[in-house]
Amino acid sequence: MKKESQVPVWRAMGSTPAPATAREAMPVLIVGAGPVGLTIALDLAQRGNRVTIVNRLDFVSAGSKAICFAKRSLDIWGRLGVGAAIVGKGVVWETGKVFWGDKPEPIYQFDLLPVKNQKMPAFVNIQQYHVESILIDALACYDNVDIRWGHSVRDIEVGETGATVHVATGEAEYFVDADWVIACDGARSTVRTTMGLDFEGRVFEDNFLIADIKMTGDRPSERWFWFDPPFNPGQSALLHKQPDDVWRLDFQLGWGIDREEAMKPENVEPYVRAMLGQDVVFEREWYSIYTFQCRRMTRFVHGPVIFAGDAAHLVSPFGARGCNGGIADADNLCWKLDLVLRGAGPTTLLESYNVEAIATADENILHSSRSTDFMSPKDAPATALRDAVLELASRYPFARPMVNSGRLSTAVNYAVSPLSTADEDGDWAGLSPGMPALDGPLDGGWLLDQVGTEFALLTNGIEYQGMKNLDLSVSPILCERFDLSPGAAYLIRPDQIVAGRWRHPDQNKIEAARQRASGLVS
Amino acid sequence: MSRIKLEPNIDRPDDLYAQIVGLTSGLDETHAFARQARLILLLANQIGDVDVITQLIRLAAQRDELGQKLADSEAF
């Protein structure tokens, strides 16, 4: 574990004084002010709930963390009103190129936004600390949000209807009786370890050197990935642009290395020069060595304690599925917890968070494990097969889709969800229940900006009572994307997931589906 | 699900066998693996039907487990 003094400071927040009372009650305590905890706080606060966050450190840390944020996360942040700030600061990209050996042309290239005409780009690259800073500034506008910097969880006692959390700050200690505790305290989650909960999975025996460097120069904002390049023979490498002229360089190093030695500048810089040219001018931003794990908790909901983000699941970074997976958790959880907090949904609704967030985590772990296995084949036959894919891909199109340099994060389909109402008509194209609504142009704006934060109906020509209707008949693109025939309708959840759809809807069908999606019937 | 073929389906079996052996003859393991891997990928794409290939993969693995069981029983 890193020593505190080694964590670089991006933005000092200052230690928050201890509360006046040694024991206080609150509806929601969020542990961890990373991107996931902050996003959850913003979503719950905008829905009118009082939230408190405790964060162990009293600053936003710098260093090499998440940089790639996928369209789905941008859509979620768009709904929360911070999307424009994040996209505005970030580097937009949608093309990935894969190189092999010393061949100057890519052997494979992919476009991450095959469906055009959507508000948000496929990806933006932006340092995690910028995202956190933007979220912190947005939260400052809410007087129902209390962020406590430099407050760490010591212990937690879990009861039937709440948990008592022992918090320490400086010399002071206090207790919080929270109806709900949301643990977003990262891979080494104090809440998880204190509760003695499992965290099973695979550890990959490989080391990766991350060199974040500052340099000016004109290179495309694309993701460039190399297998077996001359500058890192037998291993892989990655080059990716971030804002502020910062570039992320990633070098696979193999297993049996001296990690402390390998991250010393005199050992890192030859790699940088080998990749970018001996005369490249650059400054060190941050150098570090990572190993990867793919693991998750068996359950994410433990009574009144709910886990989200890295605290609940870990993946390798190839595919940008770590932080994006955590933002998906936030999106899935908040409207449900809000319904429960307002007494409009049963506590059992949160079980659907457990089901859907685990489905997301499993998909992310599957893709991430496969990418890592492709990059670090385990034995001679696997190496031969991987090399055969690369070799054939350089010559023939058929092998190119098998080249796996990371399958980048896309929205996960909740194929099996207790909240979905199955199709009664068999002739649908479009988006099936459990899939996230696809964006598209609507009335001079965008669908996802207009669909709102409550249940909504997408209709074509017919109006229904009881909730917001968005008539898509003015947008042929959207009617095609949803396969929305005249008279048909889609019920969209508050997290913009399809709950049900009908060719011939009526008030009763729609209400029954809304109740199911609110956990009121099963 | 498509049926996999387990009856003879090749005109000149000896010629084909000789060609497959010839693909790797005289090579060390690394180079032999490389050629076999390329052949597997080319054949898989030629078949194209993932259901069929999945059945064939299972069959190939099953034969191996059977062989292992036989070897185990012989040890006693």
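Here the structure is a predicted model, which means the values were calculated and not measured. Each chain carries its own residue numbering, running from 1 in the direction its sequence is written. Labels are handed out in written order, letters beginning with A for the chains and numbers beginning with 1 for the ligands. Residue-level local features of this predicted model are given only where pLDDT is at least 70; pairs of side-chain atoms are given and counted only at 80 or more, and the full residue set underlies all totals for whole chains, interfaces and linings. Just so you know, side-chain values use all the structure's heavy atoms and leave hydrogens and water out.

Q: Sorry, what's going on with the overall build of chain A here?
A: A count of helical and extended segments in chain A gives 13 helices and 27 strands. A radius of gyration in this sense is built from C-alpha atoms; the matching globule rule multiplies 2.2 Å by the number of residues raised to 0.38. At 24 Å, chain A has a C-alpha radius of gyration in line with the 24 Å of a compact globule built from 522 residues. In terms of overall dimensions, chain A has C-alpha extents of about 65 × 60 × 40 Å along its principal axes. Think of it in three bands: residues with accessible area under 20% of the maximum for their type are buried, residues over 50% are exposed, and the middle band is partly exposed, with areas taken using a 1.4 Å probe on protein chains only. Counting every position in chain A, which comprises 522 residues, the buried fraction comes to 57%. Across chain A, contacts joining residues at least 24 apart in sequence account for 72% of those joining residues at least 6 apart. For chain A, the exposed surface amounts to about 20,900 Å²; the carbon and sulfur share of it is 51%. When the 50 positive and 67 negative side-chain charges of chain A are each reduced to one mean point, those points stand 2 Å apart. Secondary structure elements are defined from DSSP: runs of H or I of at least 4 residues count as helices, runs of E of at least 2 residues count as strands, and each element is numbered from the N terminus. Contact definition: two residues touch when any of their heavy atoms are within 4.5 Å. For accessible areas, the Shrake-Rupley method is used with a probe of radius 1.4 Å. Any residue's cover is judged against the shown protein chains and nothing else. The charged-residue count follows a simple rule in which Lys and Arg add positive charge and Asp and Glu add negative charge, with His and chain termini not counted at all. For charged residues, the charge sits on one atom: NZ in Lys, CZ in Arg, CG in Asp, CD in Glu.

Q: Quick question: what am I supposed to make of the overall build of chain B here?
A: Helix and strand counts for chain B come out as 3 helices and 0 strands. Along chain B, helices and strands appear, N-terminal first, in the series α-α-α. Expressed as a percentage of its 76 residues, the buried residues of chain B come to 11%. For chain B, the accessible area works out to roughly 6,700 Å², and carbon and sulfur atoms hold 55% of it.

Q: Teacher, can you tell me more about the packing of helix 8 (residues 322–341) of chain A against helix 9 (residues 350–375) of chain A here?
A: Describing two packed helices takes the angle between their axes plus the distance from one axis to the other. Residues and elements named next belong to chain A. Orientation is described by lines fitted to C-alpha atoms, with helices fitted over the stretch in contact, and by angles between N-to-C directions that extend from 0 to 180 degrees. The geometry of helix 8 relative to helix 9 is characterised by a closest axis approach of 10 Å and an angle of 175° between their N-to-C directions. By the criterion of interaxial angle, the relationship of helix 8 to helix 9 is roughly antiparallel. Judged by residue contacts, Gly325, Ala328, Asp329, Asn332, Leu333, Lys336, Leu337 and Val340 of helix 8 engage Leu350, Ser352, Tyr353, Glu356, Ala357, Thr360 and Asn364 from helix 9. Under the convention adopted here, Pro, Cys and the residues Ala, Val, Leu, Ile, Met, Phe, Trp and Tyr are nonpolar, Asp, Glu, Lys and Arg are charged, and Gly plus all remaining residues are polar. Of the residues in the contact of helix 8 with helix 9, the class split is 7 nonpolar, 5 polar and 3 charged. Put simply, angles under 35 degrees are roughly parallel, angles over 145 are roughly antiparallel, angles from 65 to 115 are roughly perpendicular, and the rest are oblique.

Q: What am I meant to see in the nonpolar core here?
A: Soluble globular proteins tend to pack their nonpolar side chains together in the buried interior. Only buried residues count toward a nonpolar core. Its members are Ala, Val, Leu, Ile, Met, Phe, Trp, Tyr and Cys residues joined through side-chain atoms within 4.5 Å. Ile30, Ile40, Trp77, Ile86 and Ile182 of chain A are the most contacted members of the largest nonpolar core, which totals 76 residues. Setting aside residues no more than four positions away along its own chain, tryptophan 77 of chain A makes contact with Thr39, Phe69, Val82, Gly83, Ile86, Val131, Leu135 and Ile327 of chain A.

Q: Which parts of the structure should I look at to understand the packing of aromatic side chains?
A: Given two aromatic rings, one states the distance between the centres and the angle between the planes to describe the pair. All names here are of chain A. The criterion for an aromatic pair is that two Phe, Tyr or Trp rings (for Trp, the six-membered ring) have centres within 6.5 Å, with stacked assigned to planes under 30 degrees apart, edge-to-face to planes over 60 apart and tilted to the rest. Inspection of every chain in the model, using the stated rule, returns 19 aromatic pairs over all chains. An angle of 70° between the planes, with centres 6.1 Å apart, marks the rings of tryptophan 224 and tryptophan 226 as edge-to-face. Ring pairs connect the aromatic residues Phe99, Trp224, Trp226, Phe231, Phe251 and Tyr271, which therefore count as one cluster. Lying across the ring of tyrosine 287, arginine 284 places its NZ or CZ 5.1 Å from the centre. Charge over a ring is defined by NZ of Lys or CZ of Arg lying within 6 Å of the ring centre and within 35 degrees of the ring normal. Over the face of the ring belonging to tryptophan 428 we find arginine 503, whose NZ or CZ atom lies 3.8 Å from the ring centre.

Q: Which parts of the structure should I look at to understand the sheet that holds strand 9 (residues 123–125) of chain A?
A: In any sheet, the strands associate via hydrogen bonds between backbone groups, in a parallel or an antiparallel arrangement. Residues and elements named next belong to chain A. The rule for pairing is simple: two strands pair if DSSP sees at least two bridges between them. Spatially, 3 strands are ordered 5-9-6 in an open sheet, and the strand pairing comes out antiparallel. Two strands bound the open sheet, and with one partner strand each, they are strand 5 (68–70) and strand 6 (91–93). Each strand axis lies, on average, 30° off the axis of its neighbour in the sheet, ignoring direction. Here strand 6 pairs with strand 9 via 3 bridges, running antiparallel. Opposite valine 92, over in strand 9, you have valine 124 as the bridge partner.

Q: Would you explain the pattern of salt bridges in this entry?
A: Note that side chains of opposite charge can pair when their charged atoms are close. Residue and element names in this part refer to chain A. By salt bridge we mean one thing: a side-chain nitrogen of Lys or Arg within 4 Å of a carboxyl oxygen of Asp or Glu. Going through the model one piece at a time under the given rule, you end up with 35 salt bridges over all chains. With a shortest N-O distance of 2.5 Å, lysine 264 and glutamate 261 are connected by a salt bridge. Note on glutamate 261: relative accessible area 34%, which makes it partly exposed. Note that lysine 378 is salt-bridged to aspartate 373, the shortest N-O span being 3.8 Å. Within the structure, one salt-bridge network assembled from shared partners comprises Asp43, Arg47, Arg72, Arg79, Asp331 and Glu454.

Q: What exactly am I supposed to notice about the interface of chain A and chain B here?
A: Interfaces are often described in size by the accessible area the parts lose on coming together. The interface of chain A with chain B comprises 11 residues on the first partner and 7 residues on the second. What counts as buried area is the accessible surface, traced by a 1.4 Å probe, that two parts surrender upon association, with contributions from both included. With both chains or domains summed, chain A and chain B bury close to 800 Å², and 87% of this area falls on carbon and sulfur atoms. The tally of links between chain A and chain B comes to 1 salt bridge. For arginine 38 of chain B, the salt bridge is made with glutamate 391 of chain A, and the minimal N-O distance between the two is 3.4 Å.

Q: Before we go on, may I ask you to explain helix 4 (residues 128–139) of chain A in this structure?
A: Every α-helical turn comprises 3.6 residues, leaving residues that sit three or four positions apart pointing alike. The span you would expect from a helix comes to 1.5 Å times its residue count less one. Over its 12 residues, helix 4 of chain A runs 16 Å from end to end, which matches the ideal 16 Å to within 8%, given 1.5 Å per residue. All of the buried residues along helix 4 of chain A are Gln128, Tyr129, His130, Val131, Glu132, Ser133, Ile134, Leu135, Ile136, Ala138 and Leu139 of chain A.

Q: Any chance you could explain unusual backbone geometry here in plain terms?
A: A negative phi angle is the norm for most residues apart from glycine, just as the trans form is the norm for most peptide bonds. Residues and elements named next belong to chain A. Phi angles above zero are rare outside glycine, and aspartate 244 is one such case at about 65°. Among the structural elements, aspartate 244 can be located in the loop between strand 16 (236–241) and strand 17 (246–254). The phi dihedral of aspartate 483 falls on the positive side, at around 50°, and the residue is not glycine. Topologically, aspartate 483 is positioned in the loop between helix 12 (476–481) and strand 26 (489–492).

Q: Quick question: what am I supposed to make of helix 10 (residues 380–395) of chain A here?
A: For helix 10 of chain A, spanning 16 residues, the distance from its first C-alpha to its last is 23 Å, which sits close to the expected 22 Å at 1.5 Å a residue. Looking at the buried residues of helix 10 of chain A, the elements they touch are strand 7 (95–100), strand 15 (223–227) and helix 9 of chain A together with helix 2 (29–47) of chain B.

Q: How do you make sense of the sheet that holds strand 15 of chain A when you look at a structure like this?
A: Residues and elements named next belong to chain A. If you trace the 8 strands from one edge of the open sheet to the other, you get 8-7-15-16-17-14-18-21, paired in mixed fashion. Two strands bound the open sheet, and with one partner strand each, they are strand 8 (108–111) and strand 21 (313–314). Here 4 bridges tie strand 15 to strand 16, and the two strands are oriented antiparallel to one another. Residue pairing for strand 16: tryptophan 226 is matched across the bridge by alanine 237.

Q: I keep staring at the environment of leucine 253 of chain A and nothing clicks. Help me out?
A: Residues and elements named next belong to chain A. Among the secondary structure elements, leucine 253 is positioned in strand 17. On the basis of relative accessible area, leucine 253 is assigned to the buried category, the value being 14%. Along the sequence, leucine 253 and alanine 361 sit 108 residues apart, while their C-alpha atoms lie 27 Å from each other. For leucine 253, the residues in contact, after removing those within four places along its chain, are Asp206, Asn207, Leu209, Gln235, Ala262, Tyr271 and Ile289.

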